[in-house]
Structures are given as C-alpha cells and as structure tokens.
Amino acid sequence: MNLRLELTRFLNLCFALASAFMFWKGLSIVTNSHSPIVVVLSGSMEPAFQRGDILFLWNRNELNKVGDVVVYEVDNKEIPIVHRVLREHVDETSGKQLLLTKGDNNAGNDIPLYAKRKIYLHKEKDIVGTVKGYIPQLGYITIWISENKYAKMGLMGLIALSALLSNE
Amino acid sequence: MFSLSQRFQQTSNQALSFAIFAAAFVVATFCAQLYQDNVFGLSSSIGNIQPQINVRTSRFYGSVNGRPKENLKISFDLESDLTPLFNWNTKQIFVYLTAEYNGLKKPSVKSEVTLWDSIITDKEGAVISLNNAKSKYSVWDIEEKLSDRNLTFKLHWNIQPWIGPLVYGETNGESPVTLPQTKPKSQSARTSKRSEAV
C-alpha cells in the first residue's frame, strides 16, 4: 500500500466535496436564499408541481406579486412549503409586505398552516424564495434516497465500492 | 488505459451535456414562440361587477380576537381568449382575477387580492366566457373595513411550462369599481359586541 497515493486520493475526494459545497453556497449568495434549489415534497400544487419536481428560487426581489409561487418556512417546522400568493399588502413607506398564500390543489388558504395566531407571512422574514424555473421529476432521486433505507445503503455501498476499485 | 468507471463517467458526462443543451433549446424556442404569438398583448373584458360586503367574526375570515371584519364577495362577467398561451411547452395556465386598492386609514398601503382563479390544462378550455360568476374567495383587508374604496379589477395569467421558466403576464382591460359605504348598522353591531365582551 502506497501511503502517498492513498493520501492523494483522499485529497481528491475532499476537493470534490468542497467544490460541491462551494457551488451550493455560491448559488445561495447569488440568489440571496438559503436554499436556492428545492425538491417538491407534497402534491398541494398539483397539477403545476408534482412530488419530485425541482424548483429554482430567486430571493433578490423586494416584493412579491399576487400569483407568484413562493417557498416559505414556518417557525418550528423544517419542511419548506411551496404555495401561491393569494393576497399581498405592502406599506410603501416602510417597504414591509404581508402575504397570504394558498396551494392550487388545496380548498382553503394557508392560515391553518402558519405559526400559531399568525394570519399573514412576512416577505422579509418567512419567504425563502420565489420560484423562477422548473425541471420535472429529476428530484425524485433525492426523495428516494432520503426515504428508502435500502436505497441509501445501496448508494453508500456503490460509492465505497467505486472508491475501492478505482485505480488511478 | 480504459476502465468501466471511466466509460461510465464519459457516458454520463455526454448525457448531461446533451440534456442541458436540449433544455436550453426548448426554453429558447418556447420564449420565441410566446413573443411571436404576442401573448403579452392579450385582452379581456371584465364587466357587471356586483360587490357584496358581509361582516364576519371568524378567524378564518380574517377576524382577530372576534373583532368584526368586512368580507367582500363579487359576481362578475368575464370574457377572454387565452388560446395563444398554449404551445408545445405549456403544461397548464393559471388564470386569476385580482383587485388592486389603496388603504383607507393608511393610504400608503397598496394591496392586491385574488377573488377568482382557475387552472386550465388544455387549449379547448382557454376561451373563458363567464356570466354572472361568483368569486371563489371571500376577501378581507388588513384594515377592518373594506367598503368605500376604489377597486381596480384585472385578469392575470401564469404559464406553467413542462420545463423552463414560469411566465407571468396580465391582460389588457381593467375595470374600476367603487365599493359602497357600509350602513351604520354594522357599526352598532360592533359596539354591542364589544360591550358584551366587557
């Protein structure tokens, strides 16, 4: 076993991981959103978005319009929600905007989903980003990996195997 | 040297770059097609708007701590031909009728609310002709009162593509309506409600 070779290989692996991380964080800075690409998890926006679709977000806009599809986070809940803006109220002196959202496939608005006693979202605080672009179905692989333990183990095994077998 | 992993990498790289190129081509031609069909100059006619104001006290109708909130419903006529929005990259269009207005107590507050919307998934359904239709939502403002304001109604659309950017636009043809002043009846109902609570 050649120690130098092993170390170089390890360094290459670190390099690949670091560049992926840099790409993600760079995209975060450009779009001003802490999660610029999201995968749809629920069917509440069907037929526009299905489970597994990939959405690209943009958060440099200061105000949202009615009809925009936004991603928001509720306090104490980890899963971001993708829904459409139903109403907006903007105070032009302070620049603060209140939004009410609704899923296209839901019967009612989102007030029951919001944090306790809240009846509006704040554009600045709650919105993760506005959906600008769309790729169908490709994100299903991440859902598959995160929700199926055999898929997760299989992927880990594949990575380990390829690391063992690959010779420079 | 030639190995299985190298072969795999080469193939996947080629597949990826082809997919990116194909997607870029689809998006570019989709946008060109939309401009050629002049979709940003479509017209609509919104007429016969009959507003109706109710006072609600439920949290799900915007009331905070049981204080009365004025809710607006309308009936309306709507005509519009949105067939140019459909081309080979259109998955669905989302059409929505909104009202814009300014605040009464705070005129610096500008608002826009949706009163009616619809999802259209095929070209045949893209010719909208509604007669005396009811609004889908009961709308309230952040202020308690909604009456005595000037509302401007507009029809907007959003194209959801099979792949690529979401496209938004509004139709030409807006329709202004002034909401009637509320009768003093609701005012007295409000004060009696308060005294009850005390």
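What you see is a predicted model; the values in this text were computed from it and never measured. (Residues numbered from 1 in each chain as written. Chains lettered and ligands numbered in written order. Predicted model: local features only at pLDDT ≥ 70, side-chain atom pairs only at ≥ 80, totals over all residues. Heavy atoms only, no water.)

Mind showing me how you'd approach the overall build of chain A here?
For chain A, the helix and strand inventory stands at 4 helices and 7 strands. Starting at the N terminus and ending at the C terminus, chain A contains elements arranged as α-β-β-β-β-β-β-α-β-α-α. Against the 2.2 N^0.38 benchmark of 15 Å for 168 residues, chain A shows a C-alpha radius of gyration of 20 Å, more extended than a compact globule. Reported as C-alpha extents along the three principal axes, the dimensions of chain A are approximately 70 × 35 × 30 Å. Of all 168 residues assigned to chain A, the portion counted as buried reaches 39%. The contacts in chain A between residues at least 6 apart in sequence include a share of 55% that link residues at least 24 apart. Of the roughly 10,200 Å² of accessible surface on chain A, a fraction of 65% belongs to carbon and sulfur atoms. In chain A, which carries 19 positive and 17 negative side-chain charges, the distance between the mean positions of the two groups comes to 4 Å. (Helix = DSSP H or I, 4+ residues; strand = E, 2+ residues; numbered from the N terminus. Rg over C-alpha atoms; globule rule 2.2 N^0.38 Å. Buried < 20%, exposed > 50% of the residue type's maximum accessible area, 1.4 Å probe, protein only. Contact = heavy atoms within 4.5 Å. Areas by Shrake-Rupley, 256 points an atom, 1.4 Å probe, with all protein chains shown as cover. Lys, Arg positive; Asp, Glu negative; His and termini not counted. Charge placed at Lys NZ, Arg CZ, Asp CG, Glu CD.)

Would you mind showing me how to read the pairing of strand S4 (residues 109–120) of chain B here?
The side chains of a regular strand alternate, first on one face of the sheet and then on the other. Summarising burial for S4 of chain B: 9 of the 12 residues are buried, a large majority. The pairing of strand S4 (residues 81–91) of chain A with S4 of chain B spans 5 bridges and is antiparallel. Its bridge partner being in S4 of chain B, Arg-87 of chain A is matched across the sheet by Val-113 of chain B. Here 10 bridges tie strand S3 (residues 90–102) of chain B to S4 of chain B, and the two strands are oriented antiparallel to one another. For Tyr-96 of chain B, the partnering residue across the bridge sits in S4 of chain B and is Asp-117 of chain B. (Pairing = 2+ DSSP bridges.)

Please clarify how the interface of chain A and chain B should be interpreted in this entry.
Many descriptions give the size of an interface as the accessible area lost when the pieces come together. Contact with chain A, which involves 36 residues of that partner, is made by 38 residues of chain B. Here chain A meets chain B over a buried area of about 2,900 Å², counting both sides, of which 54% is carbon and sulfur. Linking chain A with chain B are 2 salt bridges. The salt bridge partner of Asp-91 of chain A is Lys-106 of chain B, with a shortest N-O separation of 3.1 Å. Put simply, chain A and chain B have 23 residue pairs in polar contact (both at pLDDT 80 or more) between them. (Buried area = accessible area lost by both parts, 1.4 Å probe. Salt bridge = Lys/Arg side-chain N within 4 Å of Asp/Glu carboxyl O. Polar contact = N/O pair within 3.5 Å; in protein donor to acceptor, adjacent residues only side chain to side chain.)

What is the right way to read the domain arrangement of chain B from this model?
Residues and elements named next belong to chain B. As far as domains go, chain B holds domain 1 (1–36) and domain 2 (42–197). A separation of 43 Å is found between the C-alpha centroids of domain 1 and domain 2. The partner domain 2 presents 10 residues to the 7 residues of domain 1 that form the contact. Among the residues domain 1 hides against domain 2, the three largest losses belong to Val-26, Phe-30 and Leu-34. Together they make up 63% of the total. If you look at where domain 1 meets domain 2, you find 0 salt bridges. There are 0 residue pairs in polar contact (both at pLDDT 80 or more) connecting domain 1 and domain 2. In terms of residue class, the side of domain 1 that touches domain 2 is built from 5 nonpolar, 2 polar and no charged. (Domains from an automatic or database assignment. Nonpolar A, V, L, I, M, F, W, Y, C, P; charged D, E, K, R; others polar.)

What is the right way to read the UniProt feature "transmembrane region" in chain A from this model?
Taken from the UniProt record, the annotation "transmembrane region" applies to residues 13–30 of chain A. Helix makes up 100% of residues 13–30 of chain A and strand 0%, with an end-to-end C-alpha separation of 26 Å. (UniProt positions renumbered as here; feature names shortened; annotations may be inferred.)

How should a nonpolar patch on the surface be read in this particular structure?
Together, Phe-10, Leu-13 and Leu-17 of chain A make up a nonpolar patch on the protein surface, roughly 340 Å² of accessible area in all. Along the polypeptide, Leu-13 of chain A turns up in helix H1 (residues 3–31). (Patch = residues over 30% accessible without salt bridge, like charges linked within 9 Å, V, L, I, M, F, W, Y side chains within 5 Å.)

Just to check I follow, could you spell out the sheet that holds strand S5 (residues 127–134) of chain B for this structure?
All names here are of chain B. Across the sheet, 3 strands lie side by side as S1-S2-S5; this open sheet has antiparallel pairing. The open sheet is flanked by strand S1 (44–56) and S5, the only strands paired with a single partner. Averaged over neighbouring strand pairs, the angle between their axes works out to 25° when direction is ignored. As judged from the 11 bridges shared by S1 and strand S2 (residues 69–81), these two strands associate in the antiparallel manner. When the sheet's bridge partners are listed, Ser-45 is paired in S2 with Glu-79. (Axes fitted to C-alpha atoms, helices over the stretch in contact; angles between N-to-C directions.)

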